[in-house]
2 protein chains.
Amino acid sequence: MYRKIYLLPLLFLLFSCKKNEITATVNPKDSTASIAYSDNPLPSWNDGQLKNDIIAYVKKVTSEGTPDFVPIVNRIATFDNDGTLWAEKPYVQELFAFYRVKKMVEANPALAQKQPFKAVIEKDKSFFEKGGDKALIELVAATHTGMTEDEFDASTKEFFAGAKYPGKNVSLKQIRYQPQLELLNYLRANGFKTFIVTGGTVEVVRAISADFYGIPKDQVVGTSFKYKFDDAKNAIQRQPALDHFNDKEGKPVGIQLHIGQRPVFACGNEGGAGDIAMLKYSQGNKYPSFQLLINHNDSIREYNYQEKDNLSLNAASNNKWHIVSIKDDWKKVFAD
Amino acid sequence: MYRKIYLLPLLFLLFSCKKNEITATVNPKDSTASIAYSDNPLPSWNDGQLKNDIIAYVKKVTSEGTPDFVPIVNRIATFDNDGTLWAEKPYVQELFAFYRVKKMVEANPALAQKQPFKAVIEKDKSFFEKGGDKALIELVAATHTGMTEDEFDASTKEFFAGAKYPGKNVSLKQIRYQPQLELLNYLRANGFKTFIVTGGTVEVVRAISADFYGIPKDQVVGTSFKYKFDDAKNAIQRQPALDHFNDKEGKPVGIQLHIGQRPVFACGNEGGAGDIAMLKYSQGNKYPSFQLLINHNDSIREYNYQEKDNLSLNAASNNKWHIVSIKDDWKKVFAD
């Protein structure tokens, strides 16, 4: 089931939702398709070395007849989601878990007297402190499994239709990073196939991937539960056991299972050290590759947070990966 | 690990390779892209009810503004591979396993004295009869795992470059079904995203999916082994344990894990009852859907074989799925 490292923020969130705030820089232009081939394909990126490096890489690997040319079938670009394509303070996944608790208790009020629902409803921190991993696992399993895929799908749709990001009265669509939407479009316009490779559970991200990022469901790789085909219902039943945990070393594994080749372009973020293995795996590509790591260093417009041991930024420095300084490299942070 | 039902034909093949023959109907036209929008998009399909039904379905679900219209993001088409896109007498997967034994013994002649390699080299039927599942599993694990993905990839490439189909001196590319190549192209030209959903191990099929079928690696769903990211090697190591068995009830599960939605168009074949669950799952789609099952009833041009209990054809009849009679519906069977 969920590893401790992934679940602890959930406990944190449970009692600190209101502390989090995002400052969205709103801009009326959402569609970025038109900028893909323009002189300035990345308008929300500040001019400078990093922007030049991204554009130079894309030009290099798409120039036919040169030694650096990458065939279209090998132009695989993988992006982490939380903290890379949208904000992760708090995780949307956690908002969804709490939403599910609320809906389940509404449908069956007796659940409010039953753990782990009771603890969430009553904000009983001690229950999760005492119960540790086991209690948290119980919560995620209770809210994400034990139903068919069709039922779960309906539930994610409902959640995203109404959800607001804590601390800021904006829809979840507005916590996407505008520069990253432009980067996705720019890569696609140059023949790259863009994938989300997330530690989040795959169906939650698939519920919005096309609408939010222009990425179809089958191009989302994520954490998954065990599924069972129920012949009588003609439906997939979600089982309360983890199938694949798609974080850290799980990301290259998820990429191989799903995509079947190393990405040439990989983008992640520092914060939970979740993307180091993916970026390293990309760098092992036989074709020229590009690794990008986002540094959350903008306390004014987004957040400022670091890993205790600075693992991701150290790996980036040691391996010569490109680092995005949100403060310096992004002209604008959030999408409309 | 491999289920008995999947491994038994391997044992059969080991001692009967030369009995199998295919009669390839060769035609110089391989590319079918030009026919996708023509008056006759399926030239290798005989005129008649089935061909009319396929074309009527595609027209119906692509007519915008009608109640039967299927949005592009939901136009998912899934095809089984063995017996559906290419011949399965014998399975190519089995040819690959024997090829691997040969190469491994060449590289390390001492293996010829070690089981299960010894039994394959010496065609020792009794070893596999006595050893049962355990011996067969040992053979598949020994030939398909214990190496990195990069090494396995190189090995599949080498195999396909030289392999000939038993009983007929043709490359494996020539055992593809020409009518199905046209159907894949026709669907793609109408906005469908085509996937292979195979019981075979995923990397073996991915090695040829783009070249043989125009299907990128990430659109192949198959049986997979456990993978482990080896940080020191910066590579995926293939472990000798099954991750997902993508046959029968495993197919809807593989589809959900990988594609994330029910296909509207699903095509399989009778022979091993492997596609019933996939076709049923497709039929549960909320959009108008189409199910196609190939009946291998052409002993002259392909093969004539049935399931003992006729499970697939009975399911097709009970659920009103469309049945391809190779004998009657296909003008030509094999591609060049």
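For the structure, check the block above.
Along each chain, residues carry numbers from 1 onward, in the same order as the chain's sequence is written. Numbering of ligands from 1 and lettering of chains from A proceed in the order in which they are written. Given that this is a predicted model, residues contribute local features only at a pLDDT of at least 70 and side-chain atom pairs are listed and counted only at 80 or more, while totals for whole chains, interfaces and linings are drawn from all residues. Heavy atoms throughout the structure, all of them, feed into the side-chain values; hydrogens and water do not.

Asker: Go over the pattern of salt bridges, please, and point to the residues and values.
Answerer: A side chain with one charge can pair with a side chain of the opposite charge if their charged atoms come near. Residue and element names in this part refer to chain A. The salt bridge definition used is simple: a Lys or Arg side-chain nitrogen within 4 Å of an Asp or Glu carboxyl oxygen. Scanning all chains against the criterion turns up 36 salt bridges over all chains. Put simply, lysine 102 and glutamate 106 hold a salt bridge, and the shortest N to O gap is 3.6 Å. Pair noted here: lysine 102 and glutamate 106 are both in helix α3 (residues 92-107), with a separation of four residues, about one helical turn. In this structure, lysine 118 and glutamate 122 form a salt bridge, with 3.5 Å as the shortest nitrogen-oxygen distance. For each residue, the accessible area found with a 1.4 Å probe, counting protein chains only, is set against the maximum for its type, and the residue is called buried under 20%, exposed over 50%, and partly exposed in between. What makes lysine 118 partly exposed here is its relative accessible area of 24%. In this structure glutamate 122 comes out as partly exposed when scored by relative accessible area, which is 45%. Bridged by salt links that share partners, the residues Lys102, Lys103, Glu106 and Glu158 form one connected network. Helix and strand assignments come from DSSP, with helices taken as H or I runs of at least 4 residues and strands as E runs of at least 2, each series counted from the N terminus.

Asker: Can you lay out the environment of threonine 201 of chain B for me, pointing to particular residues and giving the numbers?
Answerer: Looking at where threonine 201 of chain B falls in the secondary structure, it is placed in strand β2 (residues 193-201). Between the C-alpha atom of threonine 201 of chain B and that of histidine 144 of chain B, which follows or precedes it by 57 residues, the distance is 8.9 Å.

Asker: Please set out the packing of aromatic side chains residue by residue, giving values where relevant.
Answerer: Pairing of aromatic side chains here covers Phe, Tyr and the six-membered ring of Trp, requires ring centres within 6.5 Å, and sorts the geometry by plane angle: under 30 degrees stacked, over 60 edge-to-face, intermediate tilted. By the definition in use, this model includes 38 aromatic pairs over all chains. Residues tyrosine 177 of chain A and phenylalanine 334 of chain A carry aromatic rings whose centres are separated by 5.8 Å and whose planes lie at 35 degrees to one another, so their mutual orientation is tilted. Separated by 157 residues along the polypeptide, tyrosine 177 of chain A in the loop between α6 (149-162) and α7 (178-189) and phenylalanine 334 of chain A in the segment after α12 (326-329) bring together distant segments of the chain. Each member of the pair tyrosine 177 of chain A and phenylalanine 334 of chain A is classed as buried. On the numbers, 5.3 Å between centres and 45 degrees between planes, the contact of tyrosine 57 of chain B with phenylalanine 290 of chain B is tilted.

Asker: Lay out the relation of the copies chain B and chain A with the relevant residues and their values.
Answerer: With an RMSD of 0.0 Å, chain B superimposes on chain A once it is rotated by 180 degrees and translated 0.0 Å along the axis. Overall, the copies show the geometry of a two-fold rotation axis. Residues of chain B ranked by C-alpha distance from the rotation axis are headed by histidine 258 of chain B, positioned 3.4 Å from it. Contacts are assigned to residue pairs with any non-hydrogen atoms lying within 4.5 Å of each other. Of the interface residues in chain B, 100% have counterparts in chain A that sit at the interface too, so the contact is made through matching surfaces. Only residues with pLDDT of at least 70 in both copies contribute their C-alpha atoms to the least-squares superposition of the copies.

Asker: How would you summarise the pairing of strand β3 (residues 220-230) of chain B if you had to cite specific residues and measurements?
Answerer: Residues and elements named next belong to chain B. Within β3, eight of the 11 residues are buried, leaving the element largely enclosed by the surrounding structure. Pairs of strands are assigned from DSSP output, requiring at least two bridges between the strands. With three bridges joining them, β2 and β3 adopt parallel strand pairing. Within the sheet, the bridge partner assigned to isoleucine 196 lies in β3 and is valine 220. Summarising the sheet, β3 and strand β4 (residues 235-244) pair through six bridges and their orientation is antiparallel. Residue pairing for β4: tyrosine 227 is matched across the bridge by arginine 238.

Asker: Describe the interface of chain B and chain A, with residues and values.
Answerer: Many analyses report the size of an interface as the accessible area lost when the parts associate. With 34 residues of chain B at the contact, the number on the chain A side is 34 residues. By definition, the buried area sums, over both parts, the 1.4 Å-probe accessible area that each loses when the two are put together. Both faces considered, chain B and chain A share a buried interface measuring about 3000 Å² in area, 51% of it formed by carbon and sulfur atoms. Per-residue buried area on chain B facing chain A is highest for Asp218, Phe229 and Leu257 of chain B; these three make up 19% of the total on that side. Summed over the shared surface of chain B and chain A, the result is six salt bridges.

Asker: Help me get a handle on the sheet that holds strand β1 (residues 76-79) of chain A, residues and values and all.
Answerer: All names here are of chain A. The seven strands lie next to each other as β4-β3-β2-β1-β5-β6-β7, forming an open sheet whose pairing is mixed. Pairing within the sheet leaves two strands with one partner each, and these edge strands are β4 (235-244) and β7 (322-325). On average, each strand axis in the sheet is tilted by 35 degrees relative to the strand beside it, whichever way the strands run. All axes are obtained by fitting lines to C-alpha atoms, using only the stretch in contact for helices, and the reported angles, taken between N-to-C directions, cover 0 to 180 degrees. Helix-sheet contacts for α7 involve β1, β2 (193-201), β5 (265-269) and β6 (290-295), and the interaxial angle to β1 is about 165 degrees. Each of β2, β3 (220-230) and β4 is contacted by helix α8 (residues 202-213), which is oriented at about 125 degrees to β3, the strand it contacts most.

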